[in-house]
Every structure is written in structure tokens, then in C-alpha cells.
Amino acid sequence: MSVRFIHTADWQIGMKAAGLGNAAATVREARIHSIERILRLADDQGVDFLLITGDLFEDNAVDRLLIRKVGDLLGRFSRPVYIIPGNHDPLVPGSVWEHPVWAEASNITIARSADPIELDRCVLYPCPLKEKYSTQDPTAWIDAHQTEKIAIGLAHGNVEGLPEAEPDYPIPRDAARRRGLDFLAVGHWHSHVPYPDPDGSVRLAYSGTHETSKFGERDSGNVLVVEIPGRGATPVIECVPTGALRWVSSRHAVNEEGSLEDVLREVRTIENPEAVLLRLSLSGLLFTSDRPRLSSLREIVGTRFLFGAVEDEGLIPAPDDDAWIETLPGGPLREAAVRMREQAVSGSDEQARTVAARALIELFDLKEQSGT
Ligand SMILES: [Mn+2]
């Protein structure tokens, strides 16, 4: 008798999305719209239930209206939903889990204690978090070896081997086998990460967040549809994209005249820019003839995308390309430009070089605008 479910985590509802200006509201709303997409997927796939393994909310202080909104959304869903509190929304006095919406919805179970939940064809082993930090393995209490039904764990923490120094809620890499689980659904890491056993079967995985939450996430914006054919059988896992927004970090080192043209071309071909957050980092040499292209880039990135930022602090004026300085009127202005030029190329430290390069670029722009 198989069990089929959706594993998701880290919705981080109420996330501030700071530093994104006008795009922040859209980014926050997208996290709620993607929930609707997950519920439709659950219906299409005919799953038995939904597992949410922690950090459904950004923190315990989020707007109570948001809790009501998400609770109602899940409460209207036709299938059971099992939720564990994570380290962002731990089960503490005054937490989001005290809101009446959770008791109103008969299909939602907030796991408030580390006790098995026995269902028709499986047993769930939830590991709710009750504080923000801990050095304890949250799955340590589980012993499912004697269970005859399919055994599924729900946990939130850092699987051993992640590039994080702090031993915060550490989860052993072989926790599923060690505890006798057929599958251990883990939250906390925002990218999808499967942990294959030596035989290739995956019994422990991060689903990752359902909607990308920041730049640099490697494989986020998905849920996992998991089917376990029977007790001891290898889970069949499908990673399904659910995110609507794309966060693109693009780095370019430009060192030849005209190479900004390639960057422009790439930026112009990004599809659905209104659903893309773009961070474009430029480094290398800025040639006078490329200045209009840089202006075009700034204009396109700044207006066409949901959010766009051009980080061009790494650009310095090309050394052999300072003819424009000679066209400045003689006197203090030209002398200052010459000194900045020297600083930009051979300043004593990186900061001094960067500051001088910025000043020089701004001076050039001023010159262009004034037509001198
Ligand atoms: Mn977390």
C-alpha cells in the first residue's frame, strides 16, 4: 500500500524582502500565490497529504492577518496538512501557532510534540522546534524500526556536511536509516538537496523553499512529490517547480572595448523580465566608447525588470582611454581629473582606487551632460 504526498518547507510568509524597493510587495505576494499553485498540484497529483517541514512563517511576530490568510487557504484545501514549527516560527508562548485559525481547520495538524501520528497507511514522526537554536539533533527521539507501516519523519535543521559552521539543530546524514524511516522530509535549507544513500536511493531530502527567497539560492522554488510504494521500498521523488519569480545573478568581467554589447544582448534576451529580479555585476575596464552602452544597461535593468540592480563598482576607466581628460578645460578641473586617473590606476589600496575610479566616471558623466 503506497503513500503519496507533497513535501514543502520554508515558505517564510511575512518575509520583509528588504532592499528590493517597490518590488518587495510583489515578492511577498508571490510567496502566497505559490501556495495556491502547490494546492492545485496536490489535487492534480492526487496526493494523500501535504507536509510542511518548518519555517512556514518568517517569524512569530508576523501580521496576524497573514496567519489568518494562510490558515484559511490551507483550511479550504480538501486534503490533510501536517505542519511542524521551525526555527523561524518555533512553538513558544505567543507564537503564530496560537492563532485560532489552526483549530478552526479540521484538515490541519500542527505537530506540537515529538510523538508519532498514526495514519491509515503510514506513521508520521514530527520533530517540532520549540526554540530558535539548539545543538540537539531534533530526530534523536525517533525509533521507527519496529513500525510495520510506512514511516515518514518531519524535521527542520542542518543536515551534517552543509557549509555552515554552527552546529544548529544538527541532523545526521544517515538519519533516515538510523531511525528506521522510509523518508525524512527536512526543512531549513532553501535549495532542493537530495541525500542519496550508497545504493542511490534517496530517503532524506530538503525540498527547499517553494518560491525563491533571495539571490544566490542554487535550486529553490520547488516542492517534492514523494511516492513511497511500501514499507522499506525506495521512495520515488519528483522535484516540481512552483516558483513564479526568477532571481538572476549575472557577473561579467569586461576587458575589451565593445564587450558591454554582449552584456546588453544577454540582458535584452531575458524572458518575462517583469517576473525577474536581476543583479548584474560588472568588473573590468570601462572604455569611453562603452559609456552609452553602460547607460543603456542601467536604463534597461532599472525599468524593464521587476527588480534590477547594476553593480558597477568593479569597473575602472580603461588606462589607455583617457583622451577625454585632455579635452577638459585647462586648470583645476583637468588637474583633478589627472590626479584621479593616477589614483584609480595605482592608488595605495583597493578602496582608494575604487573611490577614485567612481569619481572619474562621475566626472565623465557630468562632462557629457554639460557638453564641455
Ligand atoms: Mn529554518
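From a predicted model like this one, the values you see are computed outputs, not experimental measurements.

Another point: the coordination of the manganese ion. Around the manganese ion, the protein contributes the donor atoms D55 (OD), N87 (OD1), H156 (NE2) and H188 (ND1), at 2.0 to 2.2 Å from the metal centre. Of note, the donors binding the manganese ion are all from one chain and are spaced D-x31-N-x68-H-x31-H. Here N87, found in the loop between β3 (81-84) and α3 (101-104), pairs with H188, found in the loop between β10 (183-187) and β11 (193-196); they are 101 residues apart in sequence, far enough to count as distant. On the accessibility criterion, H188 (18% relative accessible area) is buried.

This brings us to the sheet that holds strand β17 (residues 307-317). An order of β15-β16-β17 is seen for the 3 strands of this open sheet, with the pairing classed as parallel. Every interior strand has two partners, whereas the edge strands, β15 (246-254) and β17, have only one. Averaged over neighbouring strand pairs, the angle between their axes works out to 5 degrees when direction is ignored. The pairing of strand β16 (residues 276-286) with β17 spans 9 bridges and is classified as parallel. What sits directly across from G284, in β17, is L315. Across the sheet, helix α6 (residues 291-304) lies against β16 and β17, angled at about 160 degrees from β17, the strand it touches most.

Among the 6 residues of strand β1 (residues 3-8), 5 are classified as buried, and the element is accordingly described as predominantly covered. When β1 meets strand β13 (residues 222-228), the two strands line up antiparallel, connected through 5 bridges. When the sheet's bridge partners are listed, R4 is paired in β13 with E227. Pairing of β1 with strand β2 (residues 49-53), which is carried by 4 bridges, proceeds in the parallel orientation. When the sheet's bridge partners are listed, I6 is paired in β2 with L50.

So, about the pattern of salt bridges. Inspection of the entire model under this criterion finds 19 salt bridges. Where D182 meets R231, a salt bridge forms, and the shortest distance between an N and an O atom there is 2.8 Å. Separated by 49 residues along the polypeptide, D182 in the loop between α4 (175-179) and β10 and R231 in the loop between β13 and β14 (236-241) bring together distant segments of the chain. According to the relative accessible area criterion, R231 is partly exposed, its value standing at 31%.

Let us look at helix α5 (residues 260-268). Within α5, the full set of buried residues consists of L260, V263, L264 and V267. All buried residues of α5 project into a common sector of 100 degrees when viewed along the axis, lining one side. Where α5 is buried, its residues contact β15, β16 and α6.

In this section: the domain arrangement of the chain. Many authors give the size of an interface as the accessible area that is lost as the parts come together. Partitioning the chain into structural domains gives domain 1 (3-241) and domain 2 (246-370). Each partner contributes to the interface: domain 1 provides 10 residues, whereas domain 2 provides 8 residues. For the pair domain 1 and domain 2, the two sides together bury roughly 800 Å², of which 81% comes from carbon and sulfur. By the criterion of area lost to domain 2, the three top residues of domain 1 are L20, A23 and F215, representing 62% of everything that side buries. On the surface where domain 1 and domain 2 come into contact, there are 0 salt bridges. Viewed at the interface, domain 2 and domain 1 are joined by 1 residue pair in polar contact (both at pLDDT 80 or more). Here the side of domain 1 that touches domain 2 is built from residues that sort into 4 nonpolar, 5 polar and 1 charged.

How each quantity is defined
- Residues numbered from 1 in each chain as written.
- Predicted model: local features only at pLDDT ≥ 70, side-chain atom pairs only at ≥ 80, totals over all residues.
- Heavy atoms only, no water.
- Donors = N, O, S within 2.8 Å, 3.2 Å for Na, K, Ca; no water.
- Helix = DSSP H or I, 4+ residues; strand = E, 2+ residues; numbered from the N terminus.
- Buried < 20%, exposed > 50% of the residue type's maximum accessible area, 1.4 Å probe, protein only.
- Pairing = 2+ DSSP bridges.
- Axes fitted to C-alpha atoms, helices over the stretch in contact; angles between N-to-C directions.
- Contact = heavy atoms within 4.5 Å.
- Salt bridge = Lys/Arg side-chain N within 4 Å of Asp/Glu carboxyl O.
- Arc of directions from axis to C-beta.
- Domains from an automatic or database assignment.
- Buried area = accessible area lost by both parts, 1.4 Å probe.
- Polar contact = N/O pair within 3.5 Å; in protein donor to acceptor, adjacent residues only side chain to side chain.
- Nonpolar A, V, L, I, M, F, W, Y, C, P; charged D, E, K, R; others polar.

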